[in-house]
Every structure is written in C-alpha cells, then in structure tokens.
Amino acid sequence: MTTRKNEKDRQRLEMRASDILDPNSQIGVKLRSLYAAVQEEAIPDRFLDLLEKLDQAELVASAKAVK
C-alpha cells in the first residue's frame, strides 16, 4: 500500500515539474491568477445602478403584460 502511495507521489512530482516547464501551464497559472483578482474586485456602483434599473423595467413590463 505504501508503494502505491509513493508511486502516486512520485508521479505528482513529475507532473508538477513538467507543468512548470510547459509554456501552456504558465499561461494557465497566470490566467487563473488574473481571474481570481477580477473576482475579488468590487462591482462598480454604476453597474449596480444599471442592474437595478433593468430590474425595475422588467417589473413594469411584466405588470403591463398581466393587465
């Protein structure tokens, strides 16, 4: 059982080493980093205001459709 675990650990280390050298992996790491940074940014107030206006317009439109 420990042999299987050691083999899996060795394979993971080899994959990590090859990933570091692969340019596509480096691009992926940078893209994930950028995506994480964008996720943490606050939503601009202007955008939130536009979403609120859209919600109100949809409510008015649905109320007119019901009548």
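Under an unreviewed UniProt entry, the name given to the protein is Anti-sigma factor NepR domain-containing protein, and the source organism is Rhizobium altiplani.

Scanning the protein from N- to C-terminus turns up three helices and zero strands. When its helices and strands are written in sequence order, the protein yields α-α-α. The buried share among the 67 residues of the protein stands at 3%. Working note: accessible area of the protein is about 6700 Å², and carbon and sulfur atoms make up 60% of it.

Under the local residue numbering, the UniProt record ascribes the feature "domain: Anti-sigma factor NepR" (unreviewed entry) to residues 24-58. The distance from the first to the last C-alpha atom of residues 24-58 is 44 Å, and the span holds 89% helix and 0% strand.

Taken residue by residue, the protein gives an average pLDDT of 83. The fraction at 70 or more is 79%. Looking across the protein, the model is least confident in helix α1 (residues 2-21), with a mean pLDDT of 67, and most confident in helix α3 (residues 45-66), with 93.

We now examine a negative patch on the surface. Taken together, the side chains of D45, D49, E52, D55 and E58 make up a negatively charged region of the molecular surface. By secondary structure assignment, the location of D55 is in helix α3. Note on D55: relative accessible area 41%, which makes it partly exposed.

Rules and cut-offs
Residue positions within a chain follow its written sequence, with the count starting from 1. A pLDDT threshold of at least 70 governs which residues receive local features in this predicted model, and a stricter bar of 80 or more applies before side-chain atom pairs are shown or counted, although totals over entire chains, interfaces and linings include all residues. The side-chain quantities take in all heavy atoms of the structure and omit both hydrogens and water. Numbered from the N terminus, helices here are DSSP runs of H or I no shorter than four residues, and strands are runs of E no shorter than two. Type-normalised accessible area, obtained with a 1.4 Å probe on protein chains alone, sets the label of each residue: buried when under 20%, exposed when over 50%, and partly exposed for intermediate values. For accessible areas, the Shrake-Rupley method is used with a probe of radius 1.4 Å. Any residue's cover is judged against the shown protein chains and nothing else. UniProt positions are given in the numbering used here, feature names are shortened, and annotations may be inferred rather than shown by experiment. pLDDT measures the predictor's confidence residue by residue and takes values from 0 up to 100. Each patch is built from salt-bridge-free residues with over 30% relative accessible area, joining like charges within 9 Å and nonpolar side chains (Val, Leu, Ile, Met, Phe, Trp, Tyr) within 5 Å. Any carboxyl oxygen of Asp or Glu that lies within 4 Å of a side-chain nitrogen of Lys or Arg is treated as forming a salt bridge with it. For this count, His and the chain ends are skipped, Lys and Arg are scored as positive, and Asp and Glu as negative. In plain terms, the charge of a residue is placed at NZ if it is Lys, CZ if Arg, CG if Asp and CD if Glu.

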